[in-house]
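# Breakdown of the fold
One letter stands for each residue in the lines below.
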Amino acid sequence: MSADQEPGLYVESTIIMTTVRVVAPFVLTFALFVMFHGADSPGGGFQGGVIAGSVVMMLAFAYGIGSTRDWVDIRIVAALASGGVLTFATIGLGSIALGGTFLEYTEYTFIIKKASKYGIELVELGIGAIVASVAIGLFFLLAAGFGHVTDEPREGER
């Protein structure tokens, strides 16, 4: 690099890349732990979803935002959000269809003995999927920058 060139935003570091590669699976496992134990202890879908979304952000800081954006397909992020909403809505509306109120887990006891426990865990996973996908999407949206915004008036606004 010559003296008149400024360094870019991304600097490859073997230490950071190796650390993220080792730590990321543990952070994702902790996110799932927080989601699953949200009904019995502090945590839940929102907190676990934010932790899971931070794994993608760690990868982006270690390996570069562009390469991480290429690796994490936007369709996967959208499917994660859609799956979370579908899970939440299915469990909530299913209890209404069985004669109860929204998210009344006891309506499922004829199918599963511990319906309340499993229903809460599925809802927490759904919420976690929604929050993780929104965090990842917002991160990539903000990382893209605002270079496409100009001060020039649009056609018809002069």
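Since we're looking at a predicted model, the values are computed, not measured.

Reading guide: rules and limits
Residues numbered from 1 in each chain as written. Predicted model: local features only at pLDDT ≥ 70, side-chain atom pairs only at ≥ 80, totals over all residues. Heavy atoms only, no water. Helix = DSSP H or I, 4+ residues; strand = E, 2+ residues; numbered from the N terminus. Buried < 20%, exposed > 50% of the residue type's maximum accessible area, 1.4 Å probe, protein only. Contact = heavy atoms within 4.5 Å. Areas by Shrake-Rupley, 256 points an atom, 1.4 Å probe, with all protein chains shown as cover. Axes fitted to C-alpha atoms, helices over the stretch in contact; angles between N-to-C directions. Parallel < 35°, antiparallel > 145°, perpendicular 65-115°, else oblique. Left-handed = near helix turned anticlockwise from the far one by under 90°. Salt bridge = Lys/Arg side-chain N within 4 Å of Asp/Glu carboxyl O. Core = buried A, V, L, I, M, F, W, Y, C linked by side-chain atoms within 4.5 Å.

Bringing the overall build of the chain into the picture now. When helices and strands are tallied, the chain shows 5 helices and 0 strands. In sequence order, the secondary structure elements of the chain are arranged as α-α-α-α-α. Burial status across the chain gives 30% buried among its 158 residues. For the chain, contacts bridging at least 24 residues in sequence account for 58% of all contacts bridging at least 6. Carbon and sulfur atoms make up 67% of the accessible area of the chain, which totals about 10700 Å².

Below, the discussion takes up the packing of helix H4 (residues 74–97) against helix H5 (residues 115–144). Put simply, H4 and H5 touch, their axes get as near as 8 Å, and they point 150° apart. As judged from the angle between their axes, H4 and H5 are roughly antiparallel. In this structure, the crossing between H4 and H5 has a hand that is left-handed. In this structure, H4 contributes Val77, Leu80, Ala81, Gly84, Val85, Thr87, Phe88 and Ile91 to the contact, and H5 contributes Gly119, Leu122, Val123, Gly126, Ile127, Ala129, Ile130, Ala132, Ser133, Ile136 and Gly137.

Our next topic: unusual backbone geometry. Positive phi outside glycine occurs at Leu103, with the angle close to 60°. Positionally, Leu103 belongs in the loop between H4 and H5.

Turning our eyes to something else, we now look at the pattern of salt bridges. Applying the stated criterion across every chain yields a total of 2 salt bridges. The partner of Asp73 in a salt bridge is Arg75, and the shortest N-O contact between them spans 2.7 Å. Here Asp73 falls in the partly exposed class, since its relative accessible area comes to 24%.

Here we come to the nonpolar core. Judged by nonpolar contacts, the single largest core of 13 residues is most densely connected at Ile51, Ala52 and Val55. Elements that contribute at least two residues to this core include exactly helix H1 (14–36) and helix H2 (45–63). Considering each element in turn, this core owes the most residues, 7 residues, to H1. In contact with Val55, not counting residues within four places along its chain, are Ala24, Val27 and Leu28. Ala60, Val77, Ile136 and Phe140 belong to the second-largest nonpolar core, a separate cluster that totals 7 residues.

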